[in-house]
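Examination of the molecular architecture
Here is what each chain is made of, one letter per residue.
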Amino acid sequence: MSAVTINGRPETLPDDPDSLLADVLRDRLGLTGTKLVCGAGVCGACTVLLDGVPVASCLMPVKAAAGRTITTVEGIAATGLHPIQRAFMALDALQCGFCTPGFIVEATAFHDNWRKAQGTTTPSREEIGAALSGHLCRCGAYDNILRAVAEACSGRFDAETSAAPRVEARDKVTGSAKYTVDIRHEGQLEGLIVRSAVAHGKITSLDFAPSRALPGVMAVISLLGDDKMVRYVGDPVAAVAARDHTTARQAAAAIGITYEELPSVIGLDAARKPDAPLVFERSSRKKAANVSEGSPAPAPWKQNVRGPSAAFSHKTKTVRGEIASAAAANDPLLIKGVFRTAGQSHSCLEPHATVARFDGDYLTVHVSTQAVFHVMELIAKRYKLGHDKVRVIADHVGGGFGSKGSLGVDTIAAIELARAAKAPVRVALDRHDELSVTGHRPGTEIDIALLPSQAGELKAVSLTAWSDNGAGVNSTIAALARLIYPAEAKALTDFDVVSNLPPGAPFRGPGGPPMAFALEQAVDEAALRLQIDPIKLRQRWDTDPNRRRLYEWAAGLEAWRNVKPASSKSGRYRRGVGVASGYWLYLWQPGSKVELAIKGGRLIASTAIQDIGTGSRTVIANTVAREFGLDPHEVEVRIGDSILPEGPGSGGSRTTASVVPPTLLAIQKLKGVIESNAKRKPLPGSNAPWRELLATSGDISVSATRPEDSRHLAPGVRSPLKEAGFMGAIFGWMLRRFSNLAVGSGVPSSVQVIEVEVDTWLGHVRVLNVHTGIAVGKLAAPALARSQAAGSVIQGIGYALYEGREVDPLRGHILTAGLEDYRIPGIADTPNIDVHFDEAGFDHVLGGSVGIGEVATVPTSPAVANAIRNAIGVRANALPIRPDRLVALLNQRSVA
Ligand code: FES
Ligand code: FES
């Protein structure tokens, strides 16, 4: 054993040469503020101070720490919050918080060194970016992190303060927030999923005996379906539970798996060929995963191609004729193109993880999930348990972005292993699995034709999208163009293309970003050909009142007023400005309930929702606090537990719109009860008496559900789906019937103006400034809404410039299965981000707020592409816009 000092206390650590410091800190000492994400020194989440110097504890053998002094995030606040922690809290430099401890540890070291050398001089963004460049944040909290570190170094947070717009911020900056991967029960086992090594095959035998014979192996189970088929590399086959991770790995390797390997087909182009091997026989098509949030609509199949795949697809009779005759006449206004987008991995920093435990027949499951209540229902249904026999808990969730909305195989494996082993089991995916098999935004190919008239009206639009879904169906991409740019003639057609690759999953605004990448570039091109300002053209073509207000704002931006044509630019580095629009549906989940109680004078709001970094705790705390004249921190918010009243999932930007109205209704009820019980009424025009009344009212509990008001529209507000006609109404009915999602009236909208600089020699693009205008009604938590808007932009920049899943086209392995290969944006990629909120447009919603997460990311990639077009005169038609692609485009133009 080696002696070390950890957070000021002497400890002895094992001499085991295989032990890594991160594991020992987390598993042996319970210092779970140190997070494990990549295990490869790339993300910085596991950073600790070794004799005051930041190191990646996931790479450090524990022996190397012998005799040294280690400080983890828990030790940083030992004698009060560090100025860096106060700054992160005050400036909301965090969202899900999973990366936060690593940033805090590194930034405190930077701060302390800086202050010693530079006093209270403020470091530049570049200096901070360089210091923190070894850290990744998938929520994209970088803009506020840069501000927080700068302001802490300048001395602004030297005085003790714990102000924070996010109610759980203190837990996240001190490392005390517990995520699923941090849960540890007495006697807990480590579970591991064993996955298919082939892209397509039938498992002819599974031999568990050698695995079960290993000491320390407590359970081995099969995860195969009745057909025993595997349809992609990484398809779950079996799972093991053992006393520790090393034994579980050995047990997994010892399972004998015999495959009858079948011909496979990898990727969009191969799968569309008429003679391609079939991924799903007719009888097994129902086994295809769902890449969308809504339930699949019926659609025809032809080999591996399914479609038109959405009830929302659309065609007017004249559209093909309009476009064909314009093509025949060589109409210079006809814009035709093929746009391709790469698959984008969610890359949540907390992996998909579950800890399952049976107490008799009562099942408690900690799950890293976007839907505690729904997952409880799914577990109860699958295992035929009463709702009172299953409890799903998610105190904190380290990101989801759409990938954690349903019952995952980690949860199934943990439950079945716990039952078989009669002990609690944790199944946490490693980074390889996280980047390979937990879903992704499918890559696409979109064929677009857009035809304006000579008079500048929009005559015809046609989009046909093929979605590279892997072993999944139900993409809706082209059809989303239904709700923007009304045209005389429109054809919108979606096809799923299935192949032997891991299936996609819903990802922030599913279908929206690829649709916008094609459509918004075509509109930009139309503006160039019509010689009209692109914002003015959108004002002419786009009738939505929310976006029309945003266009006015965008047109007034200095960056836009000074935009120059590409032809006026020269030199190696060229700057350009682009604009693009986006929208999302206003969705909410009927049945969502909020309970409001006074217990011992304290206000407690409860609902079974979860906070995946989007700030749902704070939204409820703010809403309650505002109505009672309290500070949000005085309101206790209980969420993340399925035993609470039914709450919505965190997907489709539904959470705020689903919980604010019942919260307000519960507040009205509670006030009514308090007032009728109180000896005196509150003074008119003052909130002060509520505090007194709460303290003296005795214990009361009320609850409220939002009325089913989706069909009752406010005067002057139109339903987007009704406007879309019969098929729109069908689409809305299906969402409500099969996905418990109501579509409200009004369209959450965004317009972005982006400035880039292009290096024409090396093809490198730097995003300099982003102006993002967002219309989602009133802001329930303004600081957090800004954080989410900025984070959405960062993810959009990743989609535009860096991120792309790469696959082995022969064997179907995912090649970008580590964060060193799958490039998400880092802090040094952060542009200046100016967020403009237009708070009108949703006054008909109780509380006036709808969700922001999806709409804020939709226009980023086309705005970047349009800015590149404005900078260098070439149009990028494939994402990510990598340097090699841009150089090739520039070379083509110079050849031409
Ligand atoms: Fe150690 Fe990522 S977990 S650097
Ligand atoms: Fe950084 Fe979520 S706040 S990963």
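Structure report, in brief. The shown structure was predicted, so the numbers you read here are calculated from the model rather than taken from an experiment. (Residues numbered from 1 in each chain as written. Chains lettered and ligands numbered in written order. Predicted model: local features only at pLDDT ≥ 70, side-chain atom pairs only at ≥ 80, totals over all residues. Heavy atoms only, no water.)

On to the sheet that holds strand β2 (residues 9-13), then. Overall, mixed pairing links the five strands, which are arranged β2-β1-β5-β3-β4 in an open sheet. Since the sheet does not close on itself, it has two edges, and those belong to β2 and β4 (53-56), each with one partner. Along the sheet, successive strands turn relative to each other by an average axial angle of 40 degrees, direction set aside. Here strand β1 (residues 2-6) runs beside β2; their pairing, made up of five bridges, is antiparallel. Counted as the bridge partner of Ser-2 is Leu-13 from β2. (Pairing = 2+ DSSP bridges. Helix = DSSP H or I, 4+ residues; strand = E, 2+ residues; numbered from the N terminus. Axes fitted to C-alpha atoms, helices over the stretch in contact; angles between N-to-C directions.)

Moving on, we come to the pattern of salt bridges. With the rule as written, the count across this model stands at 43 salt bridges. The salt bridge partner of Arg-766 is Glu-757, with a shortest N-O separation of 3.3 Å. Take Arg-766: its relative accessible area is 42%, and that puts it in the partly exposed class. Glu-757 gets classed as buried once you look at its relative accessible area, which sits at 13%. Put simply, Asp-269, Arg-272, Arg-340 and Glu-445 are held in one network by salt bridges that share partners. (Salt bridge = Lys/Arg side-chain N within 4 Å of Asp/Glu carboxyl O. Buried < 20%, exposed > 50% of the residue type's maximum accessible area, 1.4 Å probe, protein only.)

Attention now goes to the side chain of Thr-618. The residue Thr-618 is located in helix α19 (residues 616-628) in this model. In this structure Thr-618 comes out as buried when scored by relative accessible area, which is 0%. At 3.2 Å, the side chain of Thr-618 and the backbone nitrogen of Val-167 are in polar contact. (Polar contact = N/O pair within 3.5 Å; in protein donor to acceptor, adjacent residues only side chain to side chain.)

Spatial strand order, β27-β34-β35-β36: four strands in an open sheet with mixed pairing. Either end of the sheet is taken by a strand with one partner, and the two such strands are β27 (573-583) and β36 (832-837). Each adjacent strand pair in this sheet contributes to an overall mean axis angle of 15 degrees, direction not counted. Two strands pair when backbone bridges link them, and strand β34 (residues 749-759) and strand β35 (residues 765-775) are joined in this way by 10 bridges, in the antiparallel orientation. Bridging from a neighbouring strand, Val-756 pairs with Val-767 of β35.

Attention shifts here to the nonpolar core. Within soluble globular proteins, side chains that are nonpolar generally end up buried alongside one another. Counting 152 residues, the largest nonpolar core has Phe-88, Val-149, Leu-450, Leu-463 and Leu-519 as its most contacted members. Looking at this core, the element that brings in the most residues is helix α24 (residues 782-802), giving 10 residues. For Phe-88, the residues in contact, after removing those within four places along its chain, are Ala-93, Leu-94, Thr-100, Phe-103, Ile-104, Ile-145, Ala-148, Val-149 and Val-173. Counting residues in each nonpolar core, the second largest holds 37 residues, with Ile-221, Ala-356, Val-397 and Leu-429 among its members. (Core = buried A, V, L, I, M, F, W, Y, C linked by side-chain atoms within 4.5 Å. Contact = heavy atoms within 4.5 Å.)

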